[in-house]
Amino acid sequence: MTNEIILSSLQSSGKVAVVASEENDLPVWLCDDGPYVVVTDPLDGSRNIEVSIPTGTIFGIYDRLVELDQLPVEEKAQLNSLQSGSRLVAAGYVLYSSATIFCISFGAGTHGFTLDRSTGEFVLTHPSMQIPPRGQIYSVNDARYFDWPEGLKKYIDTIRQGKGQHPKKYSARYVCSLVADFHRTIIYGGVAMNPRDHLRLVYEANPLSFLAEQAGGRGSDGKTRILSIQPVKLHQRLPLFLGRMEDMLELESYGDVQQKVNPGYDV
Ligand SMILES: O=P(O)(O)OC[C@H]1O[C@](O)(COP(=O)(O)O)[C@@H](O)[C@@H]1O
């Protein structure tokens, strides 16, 4: 339902040439002269709906590649949607929780707005958000500890004992709803991660990494800056680590942090 609402709004805007959604196998071509390309995860954390845990919407916006205009529709739809994250012109998320929060960046800072239900308008409540230089929170599904590589185990063991570069004991928080875990990381600091090949580069990792960089942080797959990775498949999955630069560099210094064992988990 969320997917349909977003697609029909984008269609009626007349501004969007193509939209690639995590909920569709292929991108949907909307209009030949729309100047923009939208990639989106319409409802992230959907498994949390039944139990009223926060969920979110993630999106990224690119310019339409006019040099591809003469190609067949399927081909130009695909290539426009597979642009590298370094070409994003804007990205954002909406968090549906105790308040409805909308965070966006056009490449000049990350800014947060809160829905004022009395007027139906989003009010600028978090201008120029900056992830604190050091947080005290790590966010990961650590029931998977025994499937982790040695580097990741060592990193988490070190920071939770307060033996890392930041001499505080880190605490764990994991909503299992990426937008909520990322929003908390922007405000409180620390690192949010999913070390296995699970989250999507195009719909989730690129937009959130763009916002992280605009807030003094970084998005990484554990080795490489996310925004430098050229997507080769629309639904490509990869490990994702997000946080302030200082925490991210410390994490990456452990080298071996990507979970290669990915057996498929029931919950
Ligand atoms: O099962 P894991 O590895 O903890 O993954 C949970 C993550 O998956 C997500 O639910 C996204 O998965 P989907 O895109 O399949 O909905 C995130 O919101 C959450 O952070």
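Calculation rules
Each residue is numbered by its place in its chain's sequence as written, counting from 1. In keeping with the predicted nature of the model, local features appear solely for residues at pLDDT of at least 70, side-chain atom pairs appear and are counted solely at 80 or more, and the whole-chain, interface and lining totals rest on all residues. UniProt positions are given in the numbering used here, feature names are shortened, and annotations may be inferred rather than shown by experiment. In this description a helix means any DSSP run of H or I spanning at least four residues, a strand means any run of E spanning at least two, and both kinds are numbered starting from the N terminus. Neighbour counting defines burial: a residue surrounded by 20 or more other C-beta atoms within 10 Å of its own C-beta is buried, one with 12 or fewer is exposed, and intermediate counts give partly exposed, using backbone-placed C-beta atoms. Each pair of strands is called paired provided DSSP finds at least two bridges between the two strands. Each residue gets a pLDDT score, which is the predictor's confidence in that residue and runs from 0 to 100. As used here, the arc is the angular range of directions from the helix axis to the C-beta atoms. In this description, a residue-residue contact is defined by the distance between C-beta atoms placed from the backbone, which must lie within 7 Å. Think of each axis as a best-fit line through the C-alpha atoms, taken over the contacting stretch in the case of a helix, with angles from 0 to 180 degrees between the N-to-C directions. What fixes the domain bounds is an automatic or database domain assignment. Amino acids outside the nonpolar list (Ala, Val, Leu, Ile, Met, Phe, Trp, Tyr, Cys, Pro) and the charged list (Asp, Glu, Lys, Arg) are all regarded as polar, and Gly is one of them. Should the C-beta atom of a residue, placed from the backbone, lie within 6 Å of a molecule or strand, that residue is near it. As used throughout, a nonpolar core is a set of buried Ala, Val, Leu, Ile, Met, Phe, Trp, Tyr and Cys residues joined through C-beta atoms within 7 Å of each other.

Per an unreviewed UniProt entry, the protein chain goes by the name fructose-bisphosphatase and belongs to Triticum turgidum subsp. durum. As stated in UniProt under Catalytic activity (unreviewed entry), the record for the protein chain gives "beta-D-fructose 1,6-bisphosphate + H2O = beta-D-fructose 6-phosphate + phosphate".

Now for the UniProt feature "domain: Fructose-1-6-bisphosphatase class 1 C-terminal" (unreviewed entry) in the protein chain. Cross-referencing UniProt, the feature "domain: Fructose-1-6-bisphosphatase class 1 C-terminal" (unreviewed entry) maps to residues 131-254 in the present numbering. Annotation note: span residues 131-254, helix share 35%, strand share 22%, distance between end C-alpha atoms 22 Å.

Residues in a regular strand point their side chains to alternate faces of the sheet. Little of strand β8 (residues 121-126) sits inside the fold, with zero of its six residues counted as buried. Looking at chain direction, strand β7 (residues 110-116) and β8 are connected through five bridges and run antiparallel. Within β8, the position partnered with Thr 114 by the bridge is Val 123. Taken together, β7 and the strand that follows it, β8, pair antiparallel across an intervening segment of four residues, in which Gly 120 is found at a positive phi of about 75 degrees.

Here the protein chain shows a mean pLDDT of 97. Residues at 70 or above account for 100%. This prediction of the complex comes with two scores: 0.97 for pTM and 0.93 for ipTM.

With that settled, consider unusual backbone geometry. Notably, Ser 52 is not glycine yet its phi reads approximately 60 degrees, a positive angle. Relative to the helices and strands, Ser 52 is located in the loop between β3 (36-44) and β4 (55-63).

Attention now goes to helix α3 (residues 150-160). Side chains three or four residues apart in an α-helix point the same way, a direct result of the helix having 3.6 residues per turn. All of the buried residues along α3 are Leu 152, Tyr 155, Ile 156 and Ile 159. For α3, the arc enclosing every buried residue in end-on projection is 90 degrees, short of the 170-degree limit, so these residues lie on one face. Exposed side chains of α3 directed beyond 90 degrees from the buried face belong to Glu 150 and Asp 157. Taken together, the buried residues of α3 touch β9 (137-139), β11 (191-200) and α6 (245-252). Two residues or fewer past α3, Gly 162 is found with a positive phi of approximately 70 degrees.

In this section: the sheet that holds β11. Strand order in the open sheet formed by five strands is β10-β9-β11-β13-β12, and the pairing between neighbours is mixed. Across the chains shown, the open sheet's two edge strands, defined by having one partner strand only, are β10 (171-172) and β12 (217-220). With six bridges connecting them, β11 and strand β13 (residues 237-244) associate as antiparallel partners. Looking at β13, one finds that Val 191 is bridged to Gly 243. Each of β9, β11 and β13 is contacted by helix α4 (residues 178-188), which is oriented at about 150 degrees to β11, the strand it contacts most. Across the face of the sheet, α6 comes into contact with β11, β12 and β13 while running at roughly 130 degrees to β13.

Here the domain parsing of the protein chain yields domain 1 (2-126) and domain 2 (137-252). Between domain 1 and domain 2, the C-alpha centre-to-centre distance is 22 Å. Each partner contributes residues to the interface: domain 1 has 31 residues there, and domain 2 has 25 residues. A per-element tally of the side of domain 1 that touches domain 2 places β4 first, with five residues. Across the side of domain 1 that touches domain 2, the residue classes break down as 13 nonpolar, 15 polar and three charged.

This brings us to the sheet that holds β7. One open sheet accounts for eight strands, arranged β2-β1-β3-β4-β5-β6-β7-β8; its pairing is mixed. Strands at the two margins of the open sheet, each flanked by one partner only, are β2 (28-29) and β8. Bridge count between strand β1 (residues 16-21) and β3: five bridges; the pairing is parallel. Following the sheet pairing, Val 18 is matched in β3 by Val 37. Helix α2 (residues 73-81) rests against β1, β2 and β3 of the sheet, and its axis sits at about 70 degrees to β1.

What follows is about the site of the ligand. In the region of the ligand, the neighbouring residues are Asp 44, Gly 45, Ser 46, Arg 47, Asn 141, Cys 176, Ser 177, Leu 178, Asn 194, Arg 196, His 198 and Tyr 265. No other element matches β11, which puts three residues into the shell around the ligand.

So, about the UniProt feature "domain: Fructose-1-6-bisphosphatase class I N-terminal" (unreviewed entry) in the protein chain. Under the UniProt annotation, "domain: Fructose-1-6-bisphosphatase class I N-terminal" (unreviewed entry) lies at residues 2-127. Helix makes up 17% of residues 2-127 and strand 41%, with an end-to-end C-alpha separation of 27 Å.

What follows is about the nonpolar core. Generally speaking, nonpolar side chains in soluble globular proteins are found buried as a group. Core analysis: the largest hydrophobic core is formed by 63 residues, its most contacted members being Val 18, Val 19, Val 38, Val 191 and Leu 242. Among the elements that line this core, the one with the most residues is helix α5 (residues 201-214), at eight residues. When neighbours within four sequence positions are excluded, Val 19 is seen to be in contact with Leu 7, Leu 10, Pro 27, Val 28, Leu 30, Val 38 and Thr 40.

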